[in-house]
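Each chain, letter by letter, is given below.
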Amino acid sequence: MNSRAEARGSGLDTIKLAVAIFLLVAGIFAFYYFSGISTLLRVVGLLVIGAGAAAVVFQTELGRQLWQFVADARMEVRKVVWPSRQETLQTTLVVVVMVIVVGIVLWLFDMVLMSILRFLTGQGG
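All figures in this text were calculated on a predicted structure; none of them were measured in a lab.

### Topic: the overall build of the protein
In terms of regular secondary structure, the protein is built from 4 helices and 0 strands. The N-to-C order of helical and strand elements in the protein reads α-α-α-α. Relative to the 2.2 N^0.38 estimate, which gives 14 Å for 125 residues, the radius of gyration of the protein is 29 Å and therefore markedly larger than a compact globule would have. For the protein, the spread of C-alpha atoms along the three principal axes comes to 85 × 45 × 35 Å. Counting across all 125 residues of the protein, residues that qualify as buried make up 6%. On the protein, roughly 10800 Å² of surface is accessible, and the fraction owed to carbon and sulfur atoms is 73%. Each charge class in the protein can be summarised by its mean position, and for the 10 positive and 7 negative side chains these summaries are 9 Å apart.

Given below as structure tokens:
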């Protein structure tokens, strides 16, 4: 009996997902079909239809799992120890300086290799 309930729920979830996709496609079609109407109204209508489709998706098992994942991710972000402004500025400065140094070193290697290549091919002055 339990497996029958799961199969029925899965089929109902598939129908709900199909309805959500249909809503999105219909909303996008209506957005372009009614191009004579104000863009603001069309965008608001598209947002309302998108919210309706999202509400339908969140009624499925996949939607509940997605919502749980987002909630878990938010909880993990709250646990992160973010750097202070001074640490961020110092790290950014180190990165900028290292990029400049590596750029100069690569430019020098390029100049040396180009000089060697010109010498070997006889194209140098």
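### Notes on the domain arrangement of the protein
Along its sequence, the protein is organised into domain 1 (1–80) and domain 2 (83–124). The C-alpha-based centres of domain 1 and domain 2 are spaced at 49 Å.

### Some words on the packing of aromatic side chains
All told, the structure shown has 4 aromatic pairs when counted by the stated rule. For the ring pair Phe58 and Trp67, a centre distance of 5.5 Å and an interplane angle of 75° mean the geometry is edge-to-face. The exposure class assigned to Trp67 is exposed, which follows from its relative accessible area of 55%. What links up through ring pairs into an aromatic cluster is the set Phe29, Tyr33 and Phe34.

### What about the side chain of Arg42?
Assignment of secondary structure puts Arg42 in helix H2 (residues 39–57). The charged side chain of Arg42 is buried without a salt bridge, its nearest counter-charge being Asp13 at 33 Å. Among the polar contacts listed, one links the side chain of Arg42 to the backbone oxygen of Ile37, at a separation of 3.3 Å. With sequence-adjacent residues up to four places away left out, Arg42 is seen in contact with Phe31, Tyr32, Phe34, Ser35 and Ile37.

### Re the UniProt feature "transmembrane region" (unreviewed entry) in the protein
Residues given the UniProt feature "transmembrane region" (unreviewed entry) here are residues 12–34, 40–58 and 88–109. Secondary structure content for residues 12–34 is 96% helix and 0% strand, and the end C-alpha separation is 32 Å. For residues 88–109, the end-to-end C-alpha separation is 32 Å, with 100% helix and 0% strand making up the annotated structure.

Rules used throughout
Residues numbered from 1 in each chain as written. Predicted model: local features only at pLDDT ≥ 70, side-chain atom pairs only at ≥ 80, totals over all residues. Heavy atoms only, no water. Helix = DSSP H or I, 4+ residues; strand = E, 2+ residues; numbered from the N terminus. Rg over C-alpha atoms; globule rule 2.2 N^0.38 Å. Buried < 20%, exposed > 50% of the residue type's maximum accessible area, 1.4 Å probe, protein only. Areas by Shrake-Rupley, 256 points an atom, 1.4 Å probe, with all protein chains shown as cover. Lys, Arg positive; Asp, Glu negative; His and termini not counted. Charge placed at Lys NZ, Arg CZ, Asp CG, Glu CD. Domains from an automatic or database assignment. Phe/Tyr/Trp six-rings, centres within 6.5 Å; stacked < 30°, edge-to-face > 60°. Salt bridge = Lys/Arg side-chain N within 4 Å of Asp/Glu carboxyl O. Polar contact = N/O pair within 3.5 Å; in protein donor to acceptor, adjacent residues only side chain to side chain. Contact = heavy atoms within 4.5 Å. UniProt positions renumbered as here; feature names shortened; annotations may be inferred.

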